[in-house]
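# Fold and contact review
Now for the letters of each chain:
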Amino acid sequence: MKKILVTTVAAMMAAAPAMAELVFPSLSYRTGPFAASGIPFADGYADYFTLLNERDGGIGGEMVNVIECETAYNTEKGVECYEATKDQGALLYQPLSTGITYQLIPKATADGIPMHTMGYGRTSAKNGKVFSNVFNYPVNYWDGASVGIKHFKEVAGGSLKGKKITLLHFNGAYGKEPIPTLEKLAEIEGFEFNAIPIDYPGQEQKSQWLQIRRERPDFVLFWGWGVMNQVAVQEAANVRFPMENFMGIWWSGAEQDVLPAGDGANGYKALQFHNVGSDFPVFGDIQKYVVDAGKAAGAGDQIGTVLYNRGVYAAFLAAEAAKDAQAANGTSSITPAMMRDAMEALEITGAEMAAAGLPNFGPEFKVTCENHGGDGMAAVAQWDASAKKWNLISDFVASDASVVGPLIEADSAAYAAENNIEERCN
Amino acid sequence: MPEQLVFAMEVFLNGLMAGVLYALVALGFVLIYKASGIFNFAQGVMALFAAMTLVGIQNGQIPFAPLINATLGTNAHFFGWNLPSAISLPLTVGVMILLAWAVQRFVFRHLVGQEPIILFMATIGLAYFLEGVADLMWGSEIKKLDFCLTAETCLPQGINLAIDEATYNWFGYGFFIDNLDITAAIVAVLLVGALVAFSQYTKHGRAMRAVADDHQAALSVGISLDFIWVLVWSVAGFVALVAGIMWGAKSGVQFSLSLIALKALPVLMLGGFTSIPGAIVGGLIIGVGEKLFEFAIGPMVGGATENWFAYVLALLFLVFRPQGLFGEKIIERV
């Protein structure tokens, strides 16, 4: 009996996580209608941390423990995952869903755990004076709308006066996010703007594309997700809309969004806030230390795809903040509060990206107490159907702060008033 | 002719085409409900499973590869062949027949005589089980569907230039009609013709109708319920395959395919659960109704009206004909 007890206790001790390890929960979605998008991101996120463990012995001598919890892209399950993992030493959450993000903002703030909602979530969370624990660097939806319009302006020869721009969007909070920014930009730039919504799931878009064909907009900006993306690209090709004038947000710009349309997708554009392709030293290391060692989170066949790269980028930004937190506090064993403080002082430079094997992988940016979103820089990528690859065709361009800034101030002020939040950073 | 009227005509034609695609999905529901009284919640997932199986076989994908690799420590994902659709199609039909047999043998055979709600719940379970099996078997990535019966005859996509040119000459505006939709309409007509011919002129078809009319009477004349239900689920599986091919060609084969069932529900409410012509006519009415409403009223109310308007239209019909346009009126004596 005693032997059994000792063995059981020993086994439990071995199974329990070491207290000093760095815990990064991954609220992934590997099942359900959005699994095809969730899997590469989750793989990239996990593989980068596995690389740090295998190659470097973790971060600052502490091993990283990625606790994966399946949300199926469902808000209720996402909240359950948060509740189930937050007491396991969670240092940072990436909710990977705008719906989950909205639910977790008050919870994570109350629990003192930082959240990183990179390119999604509540846009006005950029205002660190109101949202102490939420970070959305390097870019948000309103930045995306601004950078997209900047690109169209360039394509149109420097002026959008008299042009027609249509936003084709998911008929929900995510899809409606850029509308205020685009309405403001329409006033400033003098273009005619209209929005055409698509209901979930978006498998049938004939009405929307017939409308686009009738109204003949000069440019179409697209805010889609899931099957909506593939159908929109296919329908655009079917109605022979000039693909170079059709641009998606970063959640509508992965390989799987364009591959089903074959050659018809050639020239389609998408905004990206990180680089594309596998031509970066870090991927060689991931292949060697993770995939070839049989430690990859998935089959190892997603390296270099847009969403895998996004997962790697998210992990890289988290790891850099963790390193900064360790350095600032003189301890390898950091707390969520230390992690939050480090995220608020994070500066990503070209040298840091190069040192991590990710040269020019994303924009350089700096986070401050007031600004949790960086400079809002995004680049434009274009799909080459014959080579079956995305290519960045622009540098990382900053959004128009004079347009986006006041909108963020107004929205975050309304949130602060609703929730009795006193502004910080004074 | 006024411009708006010309546009409305284009929308009307596209509504008809969309309606055919909805009807393709609804047909599978009707077949099973008519023969067994089961509302098959899994019909959408069957379309997904069938399309994934077709693409998997075509691309030479090893089924259950992650499971096999994890168990045996191998790293194999493909057999290394690419089969033509003419071979992968009958093989997929074979898999759907096997699935029909398994569903009957392991699920519904044990539920004979149960309340309809129990049978409905069983199909919900079947839907989730089948979705999980499809994921394990073929993976969850989005697959491009290249369906070609010969090297020259592939599923066409894009604008029909003949219609575009003809309507441009008549109205000064070329109509957009998708070649894939035209193909779907032709396939649907052939499919309905084949189903009607099968049920009217073949021994098994007549047996299927006998079971649909009265299980007890059919049993008393020696018809095997087991066999007929396997047959019905197989035919529904084939219809699901056709729907999966048509919808999968538009969006790629992916897990969202199972959601096409949402488009079939208002069609069933309108056309009736027991009528094949009802599914077709219901599909056309829903398709045209939702598209014209979106065209005429959508812009005034912010757009995206199609999903809810289809149900409003179906409910309106239900008020006046609860059994649907072509459904059988159920009279139960106390």
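## Some remarks on the overall build of chain A
- Scanning chain A from N- to C-terminus turns up 15 helices and 14 strands.
- Here chain A has a C-alpha radius of gyration of 22 Å; the compact-globule value for 426 residues is 22 Å, and the two agree.
- If one aligns the C-alpha atoms of chain A with their principal axes, the spans along those axes are about 80 × 50 × 40 Å.
- Among the 426 residues that make up chain A, the fraction classed as buried is 58%.
- A separation of at least 24 residues holds for 69% of the contacts in chain A among residues at least 6 apart in sequence.

## A word on the overall build of chain B
- Within chain B one finds 13 helices and zero strands.
- For chain B, the α and β elements follow one another from N to C terminus as α-α-α-α-α-α-α-α-α-α-α-α-α.
- In summary, chain B has a C-alpha radius of gyration of 21 Å against a globular reference of 20 Å for 334 residues, a match within 12%.
- In terms of overall dimensions, chain B has C-alpha extents of about 65 × 60 × 40 Å along its principal axes.

## Quick word on the interface of chain B and chain A
- Counting from both sides, the interface comprises 33 residues of chain B and, opposite them, 32 residues of chain A.
- Top contributing element to the side of chain B that touches chain A by residue count: helix α1 (residues 3-36) of chain B, with five residues.
- Residues that form the side of chain B that touches chain A fall into these classes: twelve nonpolar, eleven polar and ten charged.

## Some remarks on helix α5 (residues 116-138) of chain B
All names here are of chain B.
- Here α5 contains 23 residues, and its C-alpha end-to-end distance of 32 Å stays within 8% of the 33 Å for a straight helix at 1.5 Å per residue.
- Buried within α5 we find A122, T123, L126, A127, L130, E131, A134, M137 and W138.
- Contact partners of the buried residues in α5: α2 (43-58) and α4 (85-106).
- The positive-phi residue at the C-terminal boundary of α5 is G139, with phi of around 85°.

## Some remarks on the domain arrangement of chain A
All names here are of chain A.
- Looking at the assigned domains, one finds that chain A contains domain 1 (21-136 + 277-365) and domain 2 (141-272 + 379-404).
- Distance from the C-alpha centre of domain 1 to the C-alpha centre of domain 2: 27 Å.
- Contacts between the two partners involve twelve residues from domain 1 and, on the opposite side, 16 residues from domain 2.
- Elements with a minimum of two residues in the side of domain 1 that touches domain 2: α2 (35-56) and α12 (306-329).
- When the residues that make up the side of domain 1 that touches domain 2 are grouped by side-chain class, the tally is six nonpolar, six polar and no charged.

## Brief notes about the pairing of strand β5 (residues 164-170) of chain A
Residues and elements named next belong to chain A.
- Along β5, six of the seven residues are buried, which leaves the element largely enclosed by surrounding structure.
- Sheet topology places β5 next to strand β6 (residues 192-198); seven bridges connect them, and they run parallel. By the bridge assignment for β6, H169 is matched with P197.
- Bridging between β5 and strand β7 (residues 219-223) involves five bridges; their strand directions are parallel. Directly across from L168, in β7, lies its bridge partner F222.

## Details of the nonpolar core
- Counting residues in each nonpolar core, the largest one holds 245 residues, and the members touching the most others are L24, A26, A47, A51 and V232 of chain B.
- Top contributing element to this core by residue count: helix α10 (residues 225-251) of chain B, with 18 residues.
- Both domain 1 (21-136 + 277-365) and domain 2 (141-272 + 379-404) of chain A contribute no fewer than three residues apiece to this core.
- What L24 of chain B contacts, discounting residues up to four positions off in sequence, is A184, A188, V242, A243 and M246 of chain B.

## Describing unusual backbone geometry
Residues and elements named next belong to chain A.
- The omega torsion across Y137 and P138 is 5°, close enough to zero to call that bond cis.
- Note that P138 resides in the loop between β4 (134-135) and α5 (141-155).
- Of the consecutive residues Y200 and P201, the connecting peptide bond is found in the cis state with omega at 0°.
- Inspection of the secondary structure puts P201 in the loop between β6 and α8 (206-215).
- Of note, the phi angle at A72 is positive, near 55°, even though the residue is not glycine.
- Considering the arrangement of structural elements, one finds A72 in the loop between β2 (64-70) and α3 (75-85).

## Description of the environment of N426 of chain A
All names here are of chain A.
- Take N426: it is sitting in the segment after α15 (401-418).
- Residue classification places N426 among the exposed residues on the basis of 7 C-beta atoms within 10 Å.
- Note: C-alpha distance between N426 and V290 (136 residues apart in sequence) is 45 Å.

## Here we look at the packing of α8 of chain A against α1 of chain B
- Contact geometry for α8 of chain A and α1 of chain B: axes closest at 11 Å, N-to-C directions at 155°. When the interaxial angle is binned, α8 of chain A and α1 of chain B end up roughly antiparallel. Every pair of crossing elements has a handedness; the one defined by α8 of chain A and α1 of chain B is right-handed. On the side of α8 of chain A, the interface is formed by K206, L210 and R214 of chain A, while α1 of chain B contributes F7, E10, V11, N14 and A18 of chain B.
- Counted by class, the contact of α8 of chain A with α1 of chain B contains four nonpolar, one polar and three charged residues.

Parameters and conventions
- Residues numbered from 1 in each chain as written.
- Chains lettered and ligands numbered in written order.
- Predicted model: local features only at pLDDT ≥ 70, side-chain atom pairs only at ≥ 80, totals over all residues.
- Helix = DSSP H or I, 4+ residues; strand = E, 2+ residues; numbered from the N terminus.
- Rg over C-alpha atoms; globule rule 2.2 N^0.38 Å.
- Buried ≥ 20, exposed ≤ 12 C-beta atoms within 10 Å, placed from the backbone.
- Contact = placed C-beta atoms within 7 Å.
- Nonpolar A, V, L, I, M, F, W, Y, C, P; charged D, E, K, R; others polar.
- Expected span 1.5 Å × (residues − 1).
- Domains from an automatic or database assignment.
- Pairing = 2+ DSSP bridges.
- Core = buried A, V, L, I, M, F, W, Y, C linked by C-beta atoms within 7 Å.
- Axes fitted to C-alpha atoms, helices over the stretch in contact; angles between N-to-C directions.
- Parallel < 35°, antiparallel > 145°, perpendicular 65-115°, else oblique.
- Left-handed = near helix turned anticlockwise from the far one by under 90°.

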